[in-house]
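Examining the three-dimensional arrangement
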Amino acid sequence: MTAQPRLSIGLPVYNGEEYLAESLEALLGQTYEDFELVVTDNASTDGTEDICRRYAKQDSRIRYIRLPRNIGAAPNHNYVFTQCRGELFKWASHDDLYARDLLKRCVEALDEHPDVILAHSDQAVIDEDGKVKVPYAYTLNTGSPHAPERFRSLLFEPGGDDFYGVMRADVLRRVKPHDSYHHADRTFVAEISLHGRFHQVPELLYFRRDHPTRAERANPSKRARCVNLDPRRAGVLHPTPRLLAEYVWGFVSAVKRAPLSAADRRACYRHLASWATSRVRPGTGERVEDRTPVDPAALDVSVDALVAGRERGAA
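Position labels on residues start from 1 in each chain and follow its written sequence. In keeping with the model being predicted, local features are shown solely for residues with a pLDDT of at least 70 and side-chain atom pairs are shown and tallied solely at 80 or more, while totals for entire chains, interfaces and linings include all residues. For side-chain calculations, the full set of non-hydrogen atoms in the structure is used, while hydrogens and water are omitted.

**Considering the pattern of salt bridges**
Convention followed: What counts as a salt bridge is simple: a side-chain nitrogen of Lys or Arg found within 4 Å of a carboxyl oxygen of Asp or Glu. The helix count covers DSSP runs of H or I at least four residues long, the strand count covers runs of E at least two residues long, and both are numbered beginning at the N terminus. Burial status follows relative accessibility: with a 1.4 Å probe on protein chains alone, a residue under 20% of its type maximum counts as buried, one over 50% as exposed, and anything between as partly exposed.
Under the criterion given, the structure shown has 26 salt bridges. Put simply, E36 and R63 hold a salt bridge, and the shortest N to O gap is 3.0 Å. Separated by 27 residues along the polypeptide, E36 in strand β2 (residues 35–41) and R63 in strand β3 (residues 62–66) bring together distant segments of the chain. Here R63 falls in the partly exposed class, since its relative accessible area comes to 29%. Close ionic contact of R214 with D95 constitutes a salt bridge, the shortest N to O distance being 3.5 Å. One end of the pair, R214, is in the loop between β9 (197–209) and α8 (215–218); the other, D95, is in the loop between β4 (88–91) and β5 (97–98), and 119 residues separate them in sequence. Both residues of the pair, R214 and D95, belong to the buried class.

**Let's talk about the pairing of strand β7 (residues 132–136)**
Applicable threshold: A pair of strands is considered paired only if DSSP assigns at least 2 bridges between the two.
With respect to burial, β7 is a largely interior element, four of its five residues being buried. Here strand β6 (residues 116–126) runs beside β7; their pairing, made up of four bridges, is antiparallel. Note that in β7 the partner of V125 across the bridge is V134. Where β6 folds back onto β7 in an antiparallel hairpin, the turn is made up of five residues, including G130, whose phi is positive at roughly 85°.

**Some points on the pairing of strand β1 (residues 7–13)**
With seven of its seven residues buried, β1 lies for the most part within the structure. The side-chain alternation of β1 yields two buried faces, one formed by L7, I9, L11 and V13 and the other by S8, G10 and P12. Pairing of β1 with β2, which is carried by seven bridges, proceeds in the parallel orientation. Counted as the bridge partner of G10 is V38 from β2. With four bridges joining them, β1 and β4 adopt parallel strand pairing. Looking at β4, one finds that I9 is bridged to K90.

**Looking at the packing of aromatic side chains**
Keep this limit in mind: Aromatic pairs are defined between Phe, Tyr and Trp rings, using the six-membered ring for Trp, whenever the two ring centres lie within 6.5 Å; interplanar angles under 30 degrees are classed as stacked, those over 60 as edge-to-face, and all others as tilted. Two conditions define a charge located above a ring, namely a distance within 6 Å from the ring centre to NZ of Lys or CZ of Arg, and an angle within 35 degrees of the ring normal.
One pass over the structure, following the stated rule, counts twelve aromatic pairs. Residues F163 and Y164 carry aromatic rings whose centres are separated by 5.2 Å and whose planes lie at 75° to one another, so their mutual orientation is edge-to-face. Taken as a pair, F163 and Y164 share a single burial class, namely buried. The rings of F81, F89, W91, Y98, F163, Y164, F188 and Y206 are connected pair by pair, giving a single aromatic cluster. The aromatic ring of Y206 is capped on one face by K90, whose charged end is 5.6 Å from the ring centroid.

**Examining the environment of I71**
Applied cut-off: Any two residues having at least one pair of non-hydrogen atoms within 4.5 Å are treated as being in contact.
With respect to the helices and strands, I71 occurs in the loop between β3 and α3 (73–82). Spatially, the C-alpha atom of I71 lies 6.9 Å from that of P231, the residues being 160 residues apart in sequence. Apart from residues lying up to four places away in sequence, I71 is in contact with N42, N76, L229, D230 and P231.

In structure tokens form, the structure reads like this:
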């Protein structure tokens, strides 16, 4: 690793021992190597700390930071970004898998397209055993040169996982940090899109793992998910109606803050009014793993062949 890595990967984690080693292997086995991997442990009570310290001893690119208490998923995501030094940044999840060329292809896309601020790849949802469950096509128009069209697409279409793309860190510093109301990740990505266009690498390189203990599954209600994002949401001052109202206002304030022309700002507000009125087209807001599956047999791909570190296993 260079003294100043070009890319920083932030991996916030809490009690992730079941899949953490496998995800670390997939990240450390990337063909693009000029990165640091910063792991911020939200005071885990399982074997997460032991796994992280073991890997940190083996690879100097890893920095492990253990927080003294569980501050919630959203503050931990924001905190890990503050600890990163690269001009490019990517959040990583402790339970997902990554093909060997994911980072390389995303960095190449950012280098080839200076106006692109975020690059990600095609993806598939995998199950607990790493088997492809839902491969799907990316349909969002986030590559449009027009900010209102990018915003409209993110409002009305079932989302991708652009949150986990490789981003320009200077842009990320200009948006409001990730919040903890209902669907805060959607407003967060929408605000990023108002600063520039995204690029979708047309290769299946990212594998999002769906399992019973994933945050969305383990916390089925809106309120429970928000409390998981930030324990301070558990108080009586944060009832579900407030969490929903903050979601809508999150889009409004994102448009207000963004560096847009007056015409583009008005267009975004019109799209938002249409979205709020319709609320929403069938399928909008659903999780990727809840969609009608595509037959994995139609996909000529082997997750084991694409993902680094599978042969080596846990350290």
